[in-house]
Amino acid sequence: MPNNPSSTVLKAVPNAGDDTIARLLMRNAREYGNDIAMREKDRGIWREVTWSAYAEEVLRCAAGFMALGVKPGDAVIILGDNRVRLYAGMTAMSMLRAYAMPAYPGATLDELKHFFGEAHVVAALVEDQEQVDKILELRDAGTSVASIVYDEARGLNLYDAPGLQSWESLVEAGAKRLSADPDLRRHLIEESKPEDPAVFMHSSGTTGKPKGIVLSQKNVLSGARNAHAGGAFEYGEEILAYLPMAWVGDFALTVASAIAFRFTVSVPERQETVQRDLREIAPSLYLAAPRSWDHMLTAIQVGMENSTPLKKWLYHFFMDRAVEAERRKLNGLSGGPFERLGRLVGEKLIFGPIKDQFGLIHLKRAFTGGEAIGEDTFIFYRALGIKLRQLYGQTENSAFNAIQAPGEVKLHTVGKPLPGVEVKIADDGEILMKADSVFKGYFKNEAASAEALQDGWLHSGDAGYLEDDGHLVVLGRVSEVVFTQSGERYVPNYIENRLKFSPYIKDAAVVGAGRDELTAMICIDAEAVGHWAEVNGVPYVSYADLSQRPEVAELVKEAFVRVNKAVTEGLQLHRYVSLHKEFDPDDGEITRTRKLRRKVVEERYGQVIEALYNGAADIHVKAVVTYETGETGTVERTLLIREI
Amino acid sequence: MFYGLSGVRHNSYVSDSKLFPVPADRNAVVFFLLLGLAAPYLVSSLYLNSYILPWLIWTAAVLGLNLVTGWAGQLHLGYAAVMAVGAYSAVHAAKFGIPWEFALLIGGLASSVIGSLFAFAALRTKGLYLALTTLAMQFVMDWVLTHSPTIAGGSHASLQSPTFALLGQDITSDAGLYYVAFGWCVLVTIFMLNLRRTGLGRALVAVREKDFAAAILGVNSFYYKLVAFAASSFIAGVSGAILVSTFYFLAAPEQFAVNVSIQVLAMVIVGGLGSILGSYLGAALILLMPGVVNQLFSLGANLLGLDLGIETLAHIPNAAYGALIVIFLMVEPLGLGKLYANVRDYLMVWPFDQLKK
């Protein structure tokens, strides 16, 4: 228990002092043992786990891994989609003072090999057969992982690899150990210190190889505490654990904050059922990357497009007015009484039902984070009555830097820095931060650490400034602010996000650094455009074929015209090309969190970019694609350059 | 709209198979149940006992016929005859001094036995032949009633029903009689609601869809048809007995004649085969609509100052009523219950047009 005397005084900050994940978990188990800690959907039924049962499972898991020889300083890879057991495993690692190293379930062998090269990986906790196969393949390639523990046994009963075992047998071994050694329980709970590692994350790697980031328990817990003090969440929130486990946002919410503030965490059945499960859970707190918000927006727009004329008319009637009203409000203007009436009726008739369909009706705290969200998307959700707020964070600072306070949402700022986070702006405009939640340096990478941490200040790599009222404005990555030939400064990401508001555009890459005008490469949204083509009788045989259809070009052009109206004169887009394939993390064009790897894209499509500027009418491309099996093939296509 | 599904989740299979998982449905059911309980205080006793009470009893009877026709898919044109068996048995039992609780039971069991015995023979045929055979049962029963004085109390006579009583308490007040009908209707409804989620209910549906396909699945179709007839006959018998003891107060052969059988079947079809809500709506339409249409027409004629002949006034409502049934069935061949389900589906996905994948 916290023996810090201030913890009794400061009720709002209960987990101060030398709290660790293990101790907080035990506190929950002791004081709220019968409350639901986790829910996991299995064959349509939500299986509930109470705090006391969950704590016991974590303890047994920790003891089990101990029996497998996991020592402090070792690393255990966590590989798979969100599962209660994988979360329990991550939590158990903090008890063992070992590194829990979550990886994206879609990670390729090369990416995983890089992880294995960093730390002493002794074991892997994986979801299912697919991931077991990956680890076994890596083992054949010479990595040293001794034990593999899997959650889902399907397809694995004939496997005969040494060190391979099920979660059940691990936990059983752990339980035996716990009962044989009465001291072990106390040891596991009390041994770890706040300075010990909580998780081993990786930077997203938009520029080069991902760097290892070890966040200590003190880091993640004070991050959570800062966020709570900043009004991000309350005790006992209801959340859905659907974010990739290797993203810091997931760890910060579903492990650190959930344990510190007793959230009820629900784990969806599969990635494919997230939408339905979201509706069944109807969370009170929801964090999503801008792309998820965009995706949901597309679903709403496509759904409404297919609706009947009456409902379509009602939707546009109320939605257009609400968007206008929200835009006025964010610009500091107030609306008339009709606006309130419109909101009220619209909420009953359109907004409420839509929110109910998507499980957002009980949402009190909605956040977007990870990268900049498109202005139109942001306003759309706020008009819908979801009080979407921006969260500015990064892995190095345990995900929580700044959030917008409920009443202080402005379009161009990300809100005030959280209590406990000190922010200053460097001379070159870079945002610097100091907080308990800031990490100690990149794992075994002195050079990068020295660059990122100077005198205890974290160099975020983002350009920005503080406004007079204390609000922080983030302009974009320092490395991403570029200039056209005429010296016009712009952030490609900003324009790309506006393009992506169109349901038909999934990804976009704006080019024009050092050129006289801006152009863009886009990837159409296969689902939305495919559906549109179906409804409108446009024949096509493949994504590549669809992307070049003149009808689709017309459709996409509308988005460009809209964006061109919104941006300043010098930043208008003049030409674009619709690419023959979507950007894919397996091809390295985007990261697993779907951030554009600009360098890779500009290199790979150099030919196309050249054609965008030399006045050609089309460009013949030959592209190498990587299939899911890891094999490569080539695609040849003629892409048409379209004028706007 | 209205049918919010956010946050509806199940943490056990028992919870997953709840009768009304949608909160809005649950609220509606509770609302109508309370309305039903409060009806004696809300509605004048004339309306209560001459409209609502018979409607509820007929609804119970329609649910029984729906069991055999809607669920098991067997056409039944002799349903009134089965009701008659129950009515006469119960009244005779009550006259004999048996308490009404047991008299009703005896009525139900007698119907059940006779209905099953008949079904045992009739179920060797299918489809139209079965329809004709059940019609034959109706005529046989009509003949027996008019030709055996011991049962009917003499040719063209009626049999006085003893005062209804439950647990030794005579029930004579309007509200009391209403509650008896209400209770029976609720009981049958609960049975039918639950039937849907039992093995028996699923077996019946399998038999309805294709009896030999059901047989391939291991469902003994003859056995289940027989069970359906027996259960439906029981409901018919008790409903008949309650109808006589709380509404007609005497039993006469013409109360259970062939036209009544046709009428109950019409209620089932207009309401919707296999629909519980439809049974309520179908019974209401067939039973109450003639009166309502009649009143509307005379009211309209008065308002417009039309001087319609008494002949015309008597016939136009009948035509309108017939047209109404035709229109309803043209708009939605699956009945009024399906009509409601369409509206529900529409609002369920509002403001979208279809459910997402």
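Throughout this description, residue numbers start from 1 for each chain and increase along the sequence as written. Lettering for chains starts from A, numbering for ligands starts from 1, and both go in the order in which the items are written. Reporting in this predicted model follows two pLDDT cut-offs: at least 70 for local features of residues, and 80 or more for side-chain atom pairs to be given and counted; totals over whole chains, interfaces and linings ignore these cut-offs and use all residues.

By the criteria applied, helices consist of DSSP H or I runs no shorter than four residues and strands consist of E runs no shorter than two, each listed in order from the N terminus. Along the backbone of chain B there are 15 helices and four strands. A globule of 357 residues ought to have a C-alpha radius of gyration of about 21 Å, and chain B, at 22 Å, matches this closely. Its C-alpha atoms give chain B principal-axis dimensions of roughly 65 × 65 × 45 Å. The contact rule is simple: place each C-beta atom from the backbone, and if two of them lie within 7 Å, those residues are in contact. Counted over contacts in chain B with a minimum sequence separation of 6, partners at least 24 positions apart contribute 73%. In this treatment the radius of gyration is a C-alpha quantity, and the globule benchmark scales as 2.2 Å times the residue count to the 0.38 power.

Within chain A one finds 22 helices and 28 strands. Its C-alpha radius of gyration of 25 Å places chain A within 12% of the 26 Å reference for a compact globule of 644 residues. C-alpha extents for chain A along the principal axes are approximately 75 × 60 × 55 Å. Residue burial is a threshold on neighbouring C-beta atoms within 10 Å of the residue's own C-beta, all placed from the backbone, with 20 or more meaning buried, 12 or fewer meaning exposed, and counts in between meaning partly exposed. Counting the 644 residues in chain A, one finds 51% classified as buried. Nonlocal contacts in chain A, meaning residues at least 24 apart in sequence, comprise 65% of its contacts between residues at least 6 apart.

Another point: helix 3 (residues 45-71) of chain B. Turn by turn, an α-helix covers 3.6 residues, leaving residues three or four places apart pointing in a common direction. We define the bend at each residue as the angle formed by axes fitted to the 7 residues ending at it and the 7 residues starting at it. At Leu65 of chain B, helix 3 of chain B shows its maximal kink, close to 35°. One or two residues past the end of helix 3 of chain B sits Gly73 of chain B, with phi positive at roughly 75°.

Another point: unusual backbone geometry. A cis amide bond, omega 0°, links Trp350 of chain B with the succeeding residue Pro351 of chain B. Here Pro351 of chain B lies in the segment after helix 15 (336-349). Located in the positive-phi region is Ser398 of chain A, a residue other than glycine, with phi close to 55°. Judged by C-beta crowding, with 32 C-beta atoms within 10 Å, Ser398 of chain A ranks as buried. Unlike most non-glycine residues, Phe249 of chain B shows phi in positive territory, near 65°. Along the chain, Phe249 of chain B falls in the loop between helix 11 (221-248) and strand 4 (250-251).

Residue and element names in this part refer to chain A. Following DSSP output, two strands are said to pair if at least two bridges run between them. Taken in spatial order, the five strands of this open sheet run 12-13-14-15-16, and their pairing is mixed. Only two strands of the sheet have a single neighbouring strand rather than two, namely strand 12 (285-288) and strand 16 (416-417). Of the strand pairs in this sheet, strand 14 (residues 388-392) and strand 15 (residues 402-403) are connected by two bridges, and their pairing is antiparallel. Paired with Leu391 across the strands is Ile403, a residue of strand 15.

A few words now on the sheet that holds strand 28 (residues 632-643) of chain A. All names here are of chain A. Taking strand neighbours across the sheet as the criterion, the five strands line up as 24-25-26-28-27 in an open arrangement whose pairing is mixed. Edge strands, defined here as strands with exactly one partner in the open sheet, are strand 24 (505-511) and strand 27 (618-626). Across the sheet, the mean angle separating the axes of adjacent strands is 30° when strand polarity is ignored. Sheet topology places strand 26 (residues 573-578) next to strand 28; three bridges connect them, and they run antiparallel. Note on strand 28: the bridge partner recorded for Tyr576 is Arg642. The sheet contacts of helix 22 (residues 606-613) involve strand 24, strand 25 (518-524), strand 26, strand 27 and strand 28, and relative to strand 27 the element is tilted by about 165°. To define axes, lines are fitted to C-alpha atoms, for helices over the stretch in contact only, and angles between the resulting N-to-C directions are given on a 0 to 180 degree scale.

Right, let's talk about the pairing of strand 20 (residues 457-466) of chain A for a bit. Residues and elements named next belong to chain A. Summarising the sheet, strand 18 (residues 430-435) and strand 20 pair through three bridges and their orientation is antiparallel. Each bridged residue has a counterpart across the sheet, and for Leu432 the counterpart in strand 20 is His459. Note that strand 19 (residues 453-454) and strand 20 share two bridges and pair antiparallel. Across the sheet, residue Leu453 finds its bridge partner in strand 20, namely Leu458.

A few words on the nonpolar core. Residues and elements named next belong to chain A. In this structure, Ala62, Val76, Ile78 and Met101 are the most contacted members of the largest nonpolar core, which totals 151 residues. In terms of residue count, helix 3 (residues 51-67) provides more of this core than any other element does, ten residues in total. Where a domain begins and ends is set by an automatic assignment or by a domain database. For this core, the domains that each give at least three residues are domain 1 (25-192 + 237-272) and domain 2 (286-479). Among residues more than four places away in sequence, those in contact with Val76 are Phe65, Val70, Met93, Ala98, Ala100, Met101, Val122, Ala123, Ala124 and Leu125. By our criterion, buried Ala, Val, Leu, Ile, Met, Phe, Trp, Tyr and Cys residues that link up through C-beta atoms within 7 Å make up a nonpolar core.

On to the packing of helix 9 (residues 199-209) of chain B against helix 11 of chain B. All names here are of chain B. Relative to each other, helix 9 and helix 11 sit at 115°, their axes nearing to 10 Å. With respect to each other, helix 9 and helix 11 are oriented roughly perpendicular. In this structure, helix 9 meets helix 11 at a crossing whose hand is left-handed. Every residue of helix 11 that contacts helix 9 at Leu200, Ala203, Leu204 and Val207 is listed here: Ser221, Tyr224, Lys225, Val227 and Ala228. All amino acids are sorted into three groups, where Ala, Val, Leu, Ile, Met, Phe, Trp, Tyr, Cys and Pro are nonpolar, Asp, Glu, Lys and Arg are charged, and the leftover types, Gly among them, are polar. Here the contact of helix 9 with helix 11 is composed, by residue class, of seven nonpolar, one polar and one charged. Just so you know how the angles are binned, under 35 degrees is roughly parallel, over 145 roughly antiparallel, 65 to 115 roughly perpendicular, and the rest oblique. For any pair of crossing helices, the crossing counts as left-handed if the nearer helix is rotated counterclockwise from the farther one by less than a right angle, and right-handed if it is rotated clockwise.

All names here are of chain A. With respect to the helices and strands, the residue Asp516 is situated in the loop between strand 24 and strand 25. When the C-alpha atoms of Asp516 and Ala256 are compared, they prove to be 48 Å apart, with 260 residues separating the residues in sequence. Asp516 has contacts with Thr484, Gln485 and Ser486, leaving out every residue within four places of it along the chain.

Turning next to the domain arrangement of chain A. All names here are of chain A. If you check the domain split of chain A, you get domain 1 (25-192 + 237-272), domain 2 (286-479) and domain 3 (481-643). Using only C-alpha atoms to locate each centre, domain 1 and domain 2 end up separated by 31 Å. Contacts between domain 1 and domain 2 engage six residues on the former and nine residues on the latter. The greatest single-element share of the side of domain 1 that touches domain 2, amounting to four residues, is contributed by helix 10 (residues 248-260). The residue inventory of the side of domain 1 that touches domain 2, partitioned by class, reads four nonpolar, one polar and one charged.

What follows deals with the interface of chain B and chain A. How large an interface is tends to be reported as the accessible area lost when its parts come together. Counting residues at the interface gives 17 residues for chain B and 26 residues for chain A. Residue classes in the side of chain B that touches chain A are distributed as seven nonpolar, six polar and four charged.

Regular strands show a simple pattern: their side chains alternate between the two faces of the sheet. All names here are of chain A. Counting buried positions along strand 8 (residues 197-202) yields six of six residues, so the element is predominantly enclosed. Alignment of strand 8 against strand 9 (residues 212-216), held across five bridges, turns out to be antiparallel. In the sheet register, His202 faces strand 9, and the bridge partner there is Gly212.

Before going further, it helps to spend a moment on the packing of helix 3 of chain B against helix 8 (residues 174-195) of chain B. Residues and elements named next belong to chain B. Relative orientation of the contacting elements helix 3 and helix 8 amounts to 25°, with a least axis distance of 9 Å. It follows that helix 3 is roughly parallel to helix 8 by the angle criterion. By crossing handedness, the relation of helix 3 to helix 8 is classed as left-handed. On the side of helix 3, the interface is formed by Ser45, Leu48, Asn49, Ile52, Leu53, Leu56, Ile57, Thr59, Ala60, Leu63, Gly64 and Leu67, while helix 8 contributes Asp174, Leu177, Tyr178, Ala181, Phe182, Trp184, Cys185, Val188, Thr189 and Met192. For the contact of helix 3 with helix 8, a count of residues per class yields 16 nonpolar, five polar and one charged.

A residue's pLDDT is simply how confident the predictor is in it, with values from 0 to 100. Averaged over every residue, the pLDDT of chain A is 88; the share at 70 or more is 97%. Scored below 50 in pLDDT, residues 1-15 of chain A makes 20 contacts in the model with residues more than four places away or belonging to other chains.

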